[in-house]
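Architecture at a glance
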Amino acid sequence: MSCACKGVRTCLFCEGKGARPILKQPQNEIQYYICYKCGKICKMNVGEPSPLAVEPFCQTACDDTQSLIVCDDLVAGDNACTFKFDGVKIIRNFVSFEEEKELVSFIDSSQWVESQSGRYKQDYGPKVNFKKRKLKTDTFYGLPKYTHTLLERLESLSVTPSFKPVELCNLDYHPTRGSAIDPHFDDNWLWGDRLITINLLSSTLLSFNHPVDPLVVHVPHPRLSIVIIEGSARYNWLHGIRRENVTGRRVAMTFRELSREFSSGGSEEKLGETLLSIASNFI
Ligand SMILES: O=C(O)CCC(=O)C(=O)O
Ligand SMILES: [Fe+2]
């Protein structure tokens, strides 16, 4: 085993060789979670088991009859919260177990590359230097074929009108590597308003940290579900996956669309058109 950790990032492999993980969660952090069933925000009391251990249901009665739930403009639960948190949609059972098996086998037939914090990665999209705001398209040939039906299905659900991704990033997490992703904002120069992730093989929690206050909102990301991040969840809260919430192998497929700058009327419109045209080849 080896790893690609740099700077403050660590995984179980480099920690085994002496790397020191920095303390990531503040002691006085107030934790909330989103109810699996009704989408309400509930406060987690100290000492309560992780919402991943027991499905986090809110204390009030909520309707559990739907297999497809959409959490939008989440409302404060009984333990009323005073902050605004919106812009997360969860669609459960977006893929079936059979499709999951097929997808993972397609994905695994391509090479995984080691990434930081115990993750493996596969990228389909432009090569980007976000610091210098430069990108190259010469190694991007198109999105993989296995995404075609998934994107058509997404289109037909109409929760994400005209979503045209120009990047797919597959990430592989495993508890034996201590895989995680530290709280971060996704770029907003190239990438647009919506980030969409399909979660395969195991359920997890997507944790949203307030950029200033010691506040976190854990959002369930069930196996087979899709999560759409936009609005304040996209731009005002950092998101990440904590090591303790990776309980089995997890494969996440994240799709990203173009920002306004790369869309029609924007200063990089032409480059955007090139990317869209490449992405429409399913290879
Ligand atoms: O694994 C995930 O669900 C999140 C990945 C993510 O935030 C990213 O790649 O930027
Ligand atoms: Fe991200």
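Residues numbered from 1 in each chain as written. Chains lettered and ligands numbered in written order. Predicted model: local features only at pLDDT ≥ 70, side-chain atom pairs only at ≥ 80, totals over all residues.

**Thoughts on the overall build of the protein chain**
- A count of helical and extended segments in the protein chain gives 5 helices and 15 strands.
- Burial status across the protein chain gives 38% buried among its 283 residues.
- Taking as baseline every contact in the protein chain between residues at least 6 positions apart, the subset at least 24 positions apart corresponds to 72%. (Helix = DSSP H or I, 4+ residues; strand = E, 2+ residues; numbered from the N terminus. Buried ≥ 20, exposed ≤ 12 C-beta atoms within 10 Å, placed from the backbone. Contact = placed C-beta atoms within 7 Å.)

**Here's the deal with the site of ligand 1**
- Surveying the vicinity of ligand 1 reveals the residues Cys-169, Leu-171, Ile-181, Asp-186, Thr-197, Leu-206, His-239, Ile-241, Ala-252 and Thr-254.
- Tallied by class, the residues present in the shell around ligand 1 amount to 6 nonpolar, 3 polar and 1 charged. (Near = placed C-beta within 6 Å. Nonpolar A, V, L, I, M, F, W, Y, C, P; charged D, E, K, R; others polar.)

**Here's the deal with the confidence of the model for the protein chain**
- Scored by pLDDT, the protein chain comes out at a mean of 87, with 86% of its residues at no less than 70.
- Ignoring residues within four places in sequence, the model shows residues 63-80, a span with pLDDT below 50, making 42 contacts including any to other chains.
- Among the scores for the predicted complex, ipTM is 0.99 and pTM is 0.92. (pLDDT = per-residue confidence, 0-100.)

**Some remarks on the sheet that holds strand S14 (residues 238-241)**
- Here we have 6 strands laid out as an open sheet, ordered S2-S1-S12-S11-S14-S9, and mixed in their pairing. Each edge of the open sheet carries a strand with a single partner, namely strand S2 (41-43) and strand S9 (181-184). With strand direction ignored, the average angle separating the axes of adjacent strands in the sheet is 25°. (Pairing = 2+ DSSP bridges. Axes fitted to C-alpha atoms, helices over the stretch in contact; angles between N-to-C directions.)

**Describing helix H5 (residues 269-279)**
- Listing the buried residues of H5 in full gives Gly-272, Leu-275 and Ala-279. With its buried residues spanning 60° around the axis, H5 presents them on a single face. Away from its buried face by more than 90 degrees, H5 exposes Lys-270 and Ser-277.
- Residues of H5 that are buried sit in contact with strand S8 (165-173) and strand S15 (250-258). (Arc of directions from axis to C-beta.)

**Topic: the environment of Thr-147**
- Looking at where Thr-147 falls in the secondary structure, it is placed in the loop between strand S7 (134-136) and helix H3 (148-157).
- Judged by the 21 C-beta atoms lying within 10 Å of it, Thr-147 is buried.
- Each C-alpha atom, one on Thr-147 and one on Tyr-33, is 30 Å from the other, the two residues being 114 residues apart in sequence.

**Some remarks on the sheet that holds strand S4 (residues 113-114)**
- If you trace the 7 strands from one edge of the open sheet to the other, you get S3-S13-S10-S15-S8-S5-S4, paired in antiparallel fashion. With one partner strand each, in any of the chains shown, strand S3 (88-91) and S4 form the two edges of the open sheet.
- Relative to strand S13 (residues 226-229), S3 runs antiparallel, the two being bridged by 4 bridges. Residue Ile-91 lies in a different strand from S13, and its bridge partner there is Ile-226.
- Against the sheet, H5 contacts S8 and S15, and its axis sits at roughly 60° relative to S8.

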